[in-house]
Amino acid sequence: MSERYPKSVPVSPDNPAIEKDEDICANCSHCLAVCAEEIGVAQPCKVTGADDFTCIHCGQCAAACPERAIRAKSQWREAAMAVNDPQKIVIFSTAPSVRVGLGECFGGKPGDFVESYMVSALRKLGADFVLDVAFSADLTIMEEGTEFLKRFIADSHPLPQFTSCCPAWVKYIETFHPERIPCLSSTKSPISMQGALIKTYFSKEKGIDPRRIVNIAVAPCTAKKFEISREELCSAGAYLGIPGLRDNDYVLTTRELAEWIREAGIGFYDLTPSAFDSLMGEGSGAGVIFGNTGGVMEAALRMAYSVVNGIEPPDLLMQYQPVRGLEQVKESVVSLGGRDVRTAVVYGTRAAEQLIATGAVDDYDFVEVMTCPGGCIGGGGQPDNGILPVPDQLRMARIRSLYLADQERSFRNSLENQEIKHLYETFIGEPMSKMAQLLLHTSYHSRKRGI
Ligand code: SF4
């Protein structure tokens, strides 16, 4: 590595996702190693000769730091103030991976599925409503799957289509490969859809003034803190004519939520289990597996197969092994309407970079990329049980737990979600409609230096 490189990842004070305490940093370089070797950000930065250090906010440096010198920028105290404000209606939405990580902070076994305890804990902390991001994962599949079929069948946009649920991956493309922006799906991530819909559709159905709503997403992810600050993600305000209204207000990581629960003196496993609120609280099995590497692809293939072939997906696609597991790049071919769809599932942006740099990425039609090891279940805001580096066994325990939850759901295809059907019938119309474009899709821009 060049001499002008620091020994540890520098973190700018205005980084919206992570912070660093230089007094604690032991300059062990674990953070720099993961940034260069897994995320591939340190390396391209060196190649482009940029003076400052690009960050895509994935938080893997924080996850690798034995001293806890780098950590997520905590917002749970702001969230606590919001729930204590009688003028505010505080709505929590929890991402799929949180429910297989949170229990580990309270002595649960790795991957323990604690969805109902998590919901109860949020109610105890003062939530007015607790909703499920698995709902919006299903919606993402409806929009992204439809977008893919349009590209694939009508040749309307360039292929491969890249998934866009991972904000670190999106920023990676914007920074290092802006020429590939047209490949990114315009579909918003589940959390960004959730925020926009809570302040429009949900507030309308429940008769709540959207200005009183505080949307708090709970996620395994530090990059979501960056994502919600993106300028363009204020579509509820645009739709309602309320300048300055943000779609989401705070993102708490799994670890932050655990800290808040502990500070509040709540006995996590002593709580009486409870369920999500309705209207945006129901997710299919396909929505739940979004937390795993390959989960978005499997969910999209189930939906696309049903739409194109007009029949239920076969068992093979309901447990689609070629996209599962901890191999970093996984390929498969699925026949849709007599045509082969070539897919790739990748985790680690450095692995994705290799596909792009060699041109191999153009051998595929649909590419899922998640930045973190094993997908969001290995996100920068997840607990580590005090073991660094986080072992694959821990990630596999979480992955298995989400697949088990999928198998146990009463419906496992995003198309079957009744709450999603109600949303389209009463508010959005159909996938990729004008309303969908306004609230559920977004745009990206080049962040390449010197442009
Ligand atoms: Fe966040 Fe998931 Fe992307 Fe990691 S893989 S940065 S947890 S969205």
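One can find the structure itself at the top, above this paragraph.
Reference entry: report on the structure contained in this document. (Residues numbered from 1 in each chain as written. Predicted model: local features only at pLDDT ≥ 70, side-chain atom pairs only at ≥ 80, totals over all residues. Heavy atoms only, no water.)

**Let's talk about the sheet that holds strand β7 (residues 250-253)**
As a reminder, the rule being used: At least two bridges found by DSSP between two strands is the condition for calling them paired. Put simply, DSSP H or I for four residues or longer makes a helix, DSSP E for two residues or longer makes a strand, and each gets a number counted from the N terminus. All axes are obtained by fitting lines to C-alpha atoms, using only the stretch in contact for helices, and the reported angles, taken between N-to-C directions, cover 0 to 180 degrees. For this analysis, residues touch if any pair of their heavy atoms sits within 4.5 Å.
Pairing in this open sheet of four strands is parallel, and the strands run β4-β3-β6-β7 from one edge to the other. The open sheet is flanked by β4 (129-132) and β7, the only strands paired with a single partner. Between one strand axis and the next, the sheet turns by 25 degrees as a mean value, whatever way the strands run. As defined by bridge partners, strand β3 (residues 89-94) adjoins β4 across four bridges and the pair is classed as parallel. Its bridge partner lying in β4, Ser-93 is registered against Leu-131. The strands touched by helix α8 (residues 190-206) within the sheet are β3, β4 and β6 (213-219), with β6 carrying the most contacts at an inclination of about 145 degrees.

**Remarks on the state of the cysteines**
Note the threshold: For the purposes of this analysis, a disulfide is any pair of cysteine sulfur atoms at a distance within 2.5 Å.
Under the definition given, this model contains zero disulfides. This cysteine, Cys-58, is not joined by any disulfide, and Cys-372 carries the nearest cysteine sulfur, 5.4 Å off.

**Remarks on the site of the ligand**
Here is the rule we go by: Note on definitions. A residue lies near a molecule or strand when any single heavy atom of the residue is within 4 Å of it. Ten residues, namely Ala, Val, Leu, Ile, Met, Phe, Trp, Tyr, Cys and Pro, are considered nonpolar, four, namely Asp, Glu, Lys and Arg, are considered charged, and the remaining ones, Gly among them, are considered polar.
Inspection of the region around the ligand gives Cys-166, Pro-167, Ala-168, Cys-221, Met-370, Thr-371, Cys-372, Cys-376 and Gly-379 as its neighbouring residues. A class-by-class count of the residues in the shell around the ligand yields seven nonpolar, two polar and no charged.

**Section: a nonpolar patch on the surface**
Rules: Put simply, a patch holds well-exposed residues, over 30% relative accessible area, that have no salt bridge, with like charges counted together within 9 Å and Val, Leu, Ile, Met, Phe, Trp or Tyr side chains within 5 Å. Surface exposure here means Shrake-Rupley accessible area, sampled with a 1.4 Å probe, where a residue is shielded only by the protein chains that are shown. By definition, a salt bridge exists where a carboxyl oxygen of Asp or Glu is found within 4 Å of a side-chain nitrogen of Lys or Arg. Summary of the burial criterion: residues with accessible area below 20% of their type's maximum are buried, those above 50% are exposed, and those between are partly exposed, where the area comes from a 1.4 Å probe applied to protein chains only.
A cluster of nonpolar residues, Tyr-239, Leu-240 and Leu-438, forms a patch on the protein surface that exposes about 230 Å² of accessible area. Examined against the element boundaries, Leu-438 turns out to sit in helix α18 (residues 434-440). Classification of Leu-438 by relative accessible area gives partly exposed; the value is 37%.

**A word on the nonpolar core**
The line we're drawing: Here the nonpolar core consists of buried residues drawn from Ala, Val, Leu, Ile, Met, Phe, Trp, Tyr and Cys, with membership extended through side-chain atoms lying within 4.5 Å.
Grouped together as the largest cluster of nonpolar side chains are 80 residues, with contacts concentrated most on Val-9, Phe-92, Leu-102, Trp-169, Trp-260 and Ile-261. Counting residues per element, this core draws most heavily on helix α7 (residues 167-176), which supplies six residues. Contact partners of Trp-169, with chain neighbours within four places excluded, come to Phe-162, Thr-163, Leu-184, Thr-349, Ala-352, Ile-356, Val-369 and Thr-371.

**Details of the environment of Gly-241**
Position of Gly-241 relative to the elements: it lies in the loop between α10 (235-240) and β7. The sequence separation of Gly-241 and Ala-357 amounts to 116 residues, and the corresponding C-alpha distance is 43 Å.

**With respect to the side chain of Thr-253**
By the element assignment, Thr-253 lies in strand β7. Excluding its chain neighbours within four sequence positions, the residues that come into contact with Thr-253 are Ala-72, Val-218, Ala-219, Cys-221, Thr-222, Lys-225 and Gly-381.

**Describing helix α11 (residues 254-263)**
All buried positions along α11 are accounted for by Thr-254, Glu-256, Leu-257, Ala-258, Trp-260 and Ile-261. After α11 finishes, the residue Gly-265 shows a positive phi value of roughly 70 degrees.

**Notes on the sheet that holds strand β5 (residues 161-162)**
Strand order in the open sheet formed by four strands is β5-β10-β9-β8, with mixed pairing between adjacent strands. The sheet is open, and its two edges are formed by β5 and β8 (329-336), each paired on a single side. In this sheet, strand β10 (residues 366-370) lies alongside strand β9 (residues 339-347) in parallel orientation, the contact comprising five bridges. Across the sheet, the residue bridging to Thr-343 is Phe-366, located in β10.

**Observations regarding the side chain of His-57**
Following the sequence through the fold, His-57 ends up in the loop between α2 (42-48) and α3 (60-64). In this structure His-57 touches Asn-15, Pro-16, Ala-17, Lys-171, Thr-222, Ala-223 and Phe-226, once residues within four positions along its chain are discounted.

**Digging into the environment of Gln-393**
Tracing the backbone through its elements, the reader meets Gln-393 in helix α16 (residues 392-408). In the structure, Gln-393 is positioned 233 residues away from Pro-160 in sequence and 32 Å away in space, judged by C-alpha atoms.

**Re α7**
For the α-helix, the turn length of 3.6 residues means that residues three or four positions removed from each other point alike. Of all ten residues that make up α7, ten are buried, and the element is covered over most of its length. Within α7 the residues assigned to the buried category are Pro-167, Ala-168, Trp-169, Val-170, Lys-171, Tyr-172, Ile-173, Glu-174, Thr-175 and Phe-176.

**What about the packing of α8 against helix α17 (residues 418-428)?**
Which entries qualify depends on this criterion: An angle counts as roughly parallel when it lies under 35 degrees, as roughly antiparallel when it exceeds 145, as roughly perpendicular when it falls between 65 and 115, and as oblique in every other case.
Close contact between α8 and α17 brings their axes to 12 Å; oriented N to C, the two are set at 85 degrees. With respect to α17, the axis of α8 lies roughly perpendicular. Contact residues: α8 offers Leu-197, Thr-200, Tyr-201, Lys-204 and Glu-205, while α17 offers Glu-419, His-422, Leu-423, Thr-426, Phe-427 and Ile-428. Grouping the amino acids of the contact of α8 with α17 by side-chain chemistry returns five nonpolar, three polar and three charged.

**Focus: the packing of aromatic side chains**
Defined as follows: The criterion for an aromatic pair is that two Phe, Tyr or Trp rings (for Trp, the six-membered ring) have centres within 6.5 Å, with stacked assigned to planes under 30 degrees apart, edge-to-face to planes over 60 apart and tilted to the rest. Only Lys NZ and Arg CZ are tested; either one counts as a charge over a ring when it is within 6 Å of the ring centre and within 35 degrees of the ring normal.
Using the criterion set out here, one finds 14 aromatic pairs in the structure. Between Phe-148 and Phe-366 the ring centres are 4.6 Å apart and the planes differ by 10 degrees, which places this aromatic pair in the stacked class. Placement of the pair is Phe-148 in helix α6 (residues 133-154) and Phe-366 in strand β10, with a sequence separation of 218 residues. Assessed through its relative accessible area of 2%, Phe-148 is described here as buried. Accessibility expressed as a relative area gives 2% for Phe-366, which makes it buried. The ring of Phe-152 carries the charged tip of Arg-339 above its face, separated from the ring centre by 4.0 Å.

**Examining unusual backbone geometry**
Residue Leu-159 is joined to Pro-160 through a cis peptide bond whose omega torsion reads 0 degrees. Mapped onto the secondary structure, Pro-160 falls in the loop between α6 and β5. Across the junction of Leu-388 and Pro-389, the peptide omega takes the value -5 degrees, indicating a cis bond. Note on placement: Pro-389 falls in the loop between β10 and α16. For Asn-27, which is not a glycine, the phi torsion comes out positive at approximately 55 degrees. Note that Asn-27 resides in the loop between β1 (18-20) and α1 (30-39). In this structure Asn-27 comes out as partly exposed when scored by relative accessible area, which is 42%.

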